[in-house]
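Spelled out, the chains give:
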Amino acid sequence: MTANKIDLRLLTYFLRTAELGNITKAADALNVAQPTLSKAIQQLEYQLRAPLFTRTAHGVSVTPIGERLLRHARLVSAQVNDAVEEIEAMRDGTIGQVRIGAGPSWVRRKLPEAVAEALLERPGIQIFINSGFDESLLAGLEDGALDFVVAEKPLSGGEQRYAFEFLTDDDLIVTGRPEHPLAKRTHITPREALASEWALPPVHTLARRKLDGRVISLGETPPEPVVVSTSQTFLLNFALKHDVLLYTTRSVRRIPEGKDLVEINVPELASSRAAGLIYRQPKLLTPAAQFFAAKIKELCQRDPVN
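What comes next concerns the included structure. (Residues numbered from 1 in each chain as written. Predicted model: local features only at pLDDT ≥ 70, side-chain atom pairs only at ≥ 80, totals over all residues. Heavy atoms only, no water.)

1. With respect to the overall build of the protein chain
Part 1 of the argument: Secondary structure summary: the protein chain contains 11 helices and 11 strands in total.
Part 2 of the argument: By the compact-globule yardstick of 19 Å for 306 residues, the protein chain is too spread out, its C-alpha radius of gyration being 32 Å.
Part 3 of the argument: Projecting the C-alpha coordinates of the protein chain onto the three principal axes gives extents of approximately 105 × 35 × 30 Å. (Helix = DSSP H or I, 4+ residues; strand = E, 2+ residues; numbered from the N terminus. Rg over C-alpha atoms; globule rule 2.2 N^0.38 Å.)

As structure tokens, this is what we get:
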């Protein structure tokens, strides 16, 4: 009979008996009848084909083979206890991994604050942040690489695949550097703005699609950007050095890279943007992910603009 056939219950009985050195006391501690414990020890000895105890005047003592088993039994007991504690911690969300996809504006503003608050409260969780634009984040959500996404609400058509929970709203506006020729104007027509150079994210992003949609609805042709980048940081810094227009959120001017930009007043191109938590359907989150989602919601209730 090999060791991997040992019943964990029998090993527990053996461990308690060896620690107490007395079958009667061990039976009381285990809350079993003494004959039941004696029979269990005999069964374990039969499985291992070796004696584990010798009788003494005051009870029992382990044999050399029993001493070796005792060492392993203590390790097994500790590992089982650790496993139970870890599972309990995972169940209540005090430990575990959380994998989040985040849009560019979230990475710079609310998400660092939410992560800091979460780790102060539950230092046992581990948080992975994957930043990007909408399409790549939703792809990660669909294939299971992400627990949820914090980004702009997907356009209509994804209701069967995603669940959306509103967190913040903001406006998409045209921005540029203070030296831009249009910066001092009080009202600019879409045609005038479209005649300028633009720097934009890729065509599949929601902001770009919203801009193109607004332009087409006005009977104009969407701009052909001189620069296309998936990095919002690059676009913001580039716009400070060259006369290009950006299409981004009004709140971007709250972050260091955007604080020196100004709003270019093109009212007809402005649009609203709702953002929040995006989940796979059906919505299934680990306790740790539930905790962190609640932390983001709590933060956004204090400041509902991103």
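2. So, helix α7 (residues 134-142)
Part 1 of the argument: The set of residues buried in α7 consists of D134, L137, L138, G140 and L141. Along the axis of α7, the buried residues cluster in a sector spanning 155°; they form a single face.
Part 2 of the argument: Considering only its buried residues, α7 is in contact with β3 (96-102), β4 (125-131), β5 (148-152), β6 (162-176), α9 (206-217) and β11 (271-280).
Part 3 of the argument: Count one or two residues on from α7 and you reach G144, which has phi positive near 85°. (Buried < 20%, exposed > 50% of the residue type's maximum accessible area, 1.4 Å probe, protein only. Arc of directions from axis to C-beta. Contact = heavy atoms within 4.5 Å.)

3. Section: a nonpolar patch on the surface
Part 1 of the argument: Taken together, the side chains of L8, V80 and V84 make up a nonpolar region of the molecular surface, amounting to roughly 220 Å² of accessible area.
Part 2 of the argument: Topologically, V80 is positioned in helix α4 (residues 64-92).
Part 3 of the argument: Overall, the relative accessible area of 34% leaves V80 in the partly exposed class. (Patch = residues over 30% accessible without salt bridge, like charges linked within 9 Å, V, L, I, M, F, W, Y side chains within 5 Å. Areas by Shrake-Rupley, 256 points an atom, 1.4 Å probe, with all protein chains shown as cover. Salt bridge = Lys/Arg side-chain N within 4 Å of Asp/Glu carboxyl O.)

4. As for helix α1 (residues 8-20)
Part 1 of the argument: Look at α1: 19 Å from first C-alpha to last across 13 residues, which is about the 18 Å you get at 1.5 Å a residue.
Part 2 of the argument: By the N-cap criterion, in which a side-chain oxygen at the helix start approaches the backbone nitrogen of a residue two or three places on, α1 is capped by D7, the distance to R9 being 2.8 Å.
Part 3 of the argument: A positive backbone phi angle near 65° is found at G21, which sits one or two residues after α1. (Expected span 1.5 Å × (residues − 1). Polar contact = N/O pair within 3.5 Å; in protein donor to acceptor, adjacent residues only side chain to side chain.)

5. Points about the packing of α1 against helix α3 (residues 34-48)
Between two packed helices, both the angle of their axes relative to each other and the distance between the axes serve to describe the pair.
Part 1 of the argument: At a minimum axis separation of 9 Å, α1 and α3 run at an interaxial angle of 110°. When the axes of α1 and α3 are compared, the pair comes out roughly perpendicular. Classified by chirality, the crossing of α3 by α1 is left-handed. On α3, the residues touching L10, Y13, F14 and T17 of α1 are L37, A40, I41, Q43, L44 and Q47. (Axes fitted to C-alpha atoms, helices over the stretch in contact; angles between N-to-C directions. Parallel < 35°, antiparallel > 145°, perpendicular 65-115°, else oblique. Left-handed = near helix turned anticlockwise from the far one by under 90°.)

6. So, the packing of aromatic side chains
Part 1 of the argument: The full count for this structure, using the stated rule, is 3 aromatic pairs.
Part 2 of the argument: The interplanar angle of 50° and the centroid separation of 5.4 Å between the aromatic rings of F14 and F53 together place this pair among those described as tilted. With F14 in helix α1 and F53 in strand β1 (residues 53-55), this residue pair connects regions lying 39 residues apart in the sequence. There is no split in this pair, since F14 and F53 are both buried.
Part 3 of the argument: Consider the rings of F234 and F238, whose centres lie 5.8 Å apart with planes at 5°: the pair is stacked. Taken as a pair, F234 and F238 lie in helix α10 (residues 232-239) at a separation of 4 residues, close to a single helical turn.
Part 4 of the argument: When the ring centre of F291 is taken as origin, the NZ or CZ atom of R122, which lies over that ring, is 4.0 Å away.
Part 5 of the argument: The ring of Y279 has K283 sitting right over it, with the charged end atom 4.3 Å from the ring centre. (Phe/Tyr/Trp six-rings, centres within 6.5 Å; stacked < 30°, edge-to-face > 60°. Lys NZ or Arg CZ within 6 Å of the ring centre and 35° of its normal.)

7. Describing the pattern of salt bridges
Side chains carrying opposite charge are able to pair once their charged atoms draw close together.
Part 1 of the argument: Per the counting criterion, the structure on display carries 23 salt bridges.
Part 2 of the argument: One salt bridge connects R250 with D171, and the closest N-O pair in it is separated by 2.7 Å. Placement of the pair is R250 in the loop between β9 (246-249) and β10 (262-264) and D171 in strand β6, with a sequence separation of 79 residues.
Part 3 of the argument: Note that E192 and R185 form a salt bridge whose closest N and O atoms lie 2.9 Å from each other.
Part 4 of the argument: Owing to a relative accessible area of 34%, R185 belongs among the partly exposed residues under this scheme.
Part 5 of the argument: Three or more residues are tied together by salt bridges with common partners; here these are E113, E117, E121, K295, E298 and R302.

8. Topic: empty space enclosed by the protein
Part 1 of the argument: Summed over the entire model, instances satisfying the criterion amount to 3 cavities of 30 Å³ or more.
Part 2 of the argument: Its volume calculated, the largest cavity comes out at about 300 Å³.
Part 3 of the argument: What lines the largest cavity is a set of 25 residues, among which P104, F133, A207, Q232 and T248 lie closest to the centre.
Part 4 of the argument: When residues in the lining of the largest cavity are grouped by element, the largest group, 4 residues, is from β9.
Part 5 of the argument: When grouped by side-chain class, the residues that make up the lining of the largest cavity number 15 nonpolar, 7 polar and 3 charged. (1 Å grid on protein atoms, 1.4 Å probe; cavity = no way out; pocket = protein on both sides within 12 Å on 5 of 7 lines; lining within 4 Å. Points joined across faces, edges and corners; volume = space filled by probe spheres on them. Nonpolar A, V, L, I, M, F, W, Y, C, P; charged D, E, K, R; others polar.)

Keep in mind these numbers describe shape, not what the thing actually does.
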